[in-house]
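Secondary and tertiary structure notes
Here is what each chain is made of, one letter per residue.
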Amino acid sequence: MLLEALLIALWAGIAGVDLFNGLTHIHRPLVTGLVVGLILGDLQTGLIAGATLEMVWMGMVPLAGAQPPNVVIGGVIGVAFAILTQQDPNISVGIAVPFAVAVQGAITLLFTVFSPLMHKADVFAENADVKGIERINYMGMTFLFFFYAIIAFLPIYFGADSAKTIVESLPEWVIGGLSVAGGMMPAIGFAMLLKIMLKKEYIAFFLIGFVLVIYLKLPILAVAILGAAIAMYDFYMQKDKGTGNGGGNSRVEEEFADGI
């Protein structure tokens, strides 16, 4: 288990750096589920648990001091828990969120402690000291790497067998409650995303998608392709309008006002 825990810790460190510095989105639970599943030898459960957690974190984006429950630790712990304890992925969500919330607080504290370094970077910038700015950035990334690696390593290496024993000893109603809570979290994630993005002009498309999935039983992939086709049509229609007359500026102002 030591090798697996070290590999997962290595991945958590890389994903933690990517969350704030790389921004390649390899830190998302969908990718984490794939990687952790490969490390632990259960790719199918890793992908299912990762996809479930992705729906929870889909609308949660860290912005400056506003930090949502940490997507990296939540993804790593949630997927690893689902595989090691052989439980339903919905239960893993209920376990992942408390870890993610705890790390959220720790990250906010770290940002507060390291905030004086921003003033140091300003001094380096005024003096055109590029090397000094690079040192600060690399130091921050190195610290984040080891922070995430240690946080991921400890519960997986020392707590995997204990967690499995505890879960197996829990009453059925507790397991059922965790499963229900975990099943609700993706809906909450989508609700947060819709609160940011949904506009009255798009409600009709939301209702059409609901009918296609619930009543016509179309698979998600088919609905996604239809949605992409509608989005492409709308994009090129608006682009033509913007280049054909003066209506382009009002569109830009409207999108900017919505903050999207």
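Residue positions are counted from 1 within each chain, in the order its sequence is given. Selection of residues for local features in this predicted model requires a pLDDT of at least 70, selection of side-chain atom pairs for listing and counting requires 80 or more, and totals for whole chains, interfaces and linings are taken over all residues. To get the side-chain values, all heavy atoms of the structure are used, and hydrogens and water are removed first.

Digging into the overall build of the protein chain
For clarity, the cut-off: Each helix is a run of DSSP H or I of at least 4 residues and each strand a run of E of at least 2, with the numbering of both proceeding from the N terminus. Each residue gets one of three labels from its accessible area relative to the maximum for its type: buried under 20%, exposed over 50%, partly exposed in between, using a 1.4 Å probe on protein chains only. Contacts are residue-level and defined by heavy atoms, with any inter-residue pair within 4.5 Å sufficient. What sets the accessible areas is the Shrake-Rupley method with a 1.4 Å probe; for residues, cover comes only from the shown protein chains.
Within the protein chain, the regular secondary structure consists of eleven helices and zero strands. Counted from the first residue to the last, the protein chain has its helices and strands arranged as α-α-α-α-α-α-α-α-α-α-α. A burial count over the protein chain gives 32% of its 260 residues as buried. Look at the contacts in the protein chain between residues 6 or more apart in sequence, and 74% of them connect residues 24 or more apart. Carbon and sulfur atoms provide 72% of the accessible area of the protein chain, an area that totals close to 15,400 Å².

Here we look at the nonpolar core
Convention followed: For our purposes a nonpolar core is just a set of buried Ala, Val, Leu, Ile, Met, Phe, Trp, Tyr and Cys residues, chained together by side-chain atoms within 4.5 Å.
Core analysis: the largest hydrophobic core is formed by 37 residues, its most contacted members being V76, I107, Y148 and I156. Those elements that place two or more of their residues in this core are α1 (2-22), α2 (29-40), α3 (43-57), α4 (71-85), α5 (89-114) and α7 (130-169). A per-element tally of this core places α4 first, with nine residues. For V76, the residues in contact, after removing those within four places along its chain, are I8, W11, A12, T32, A152 and I156.

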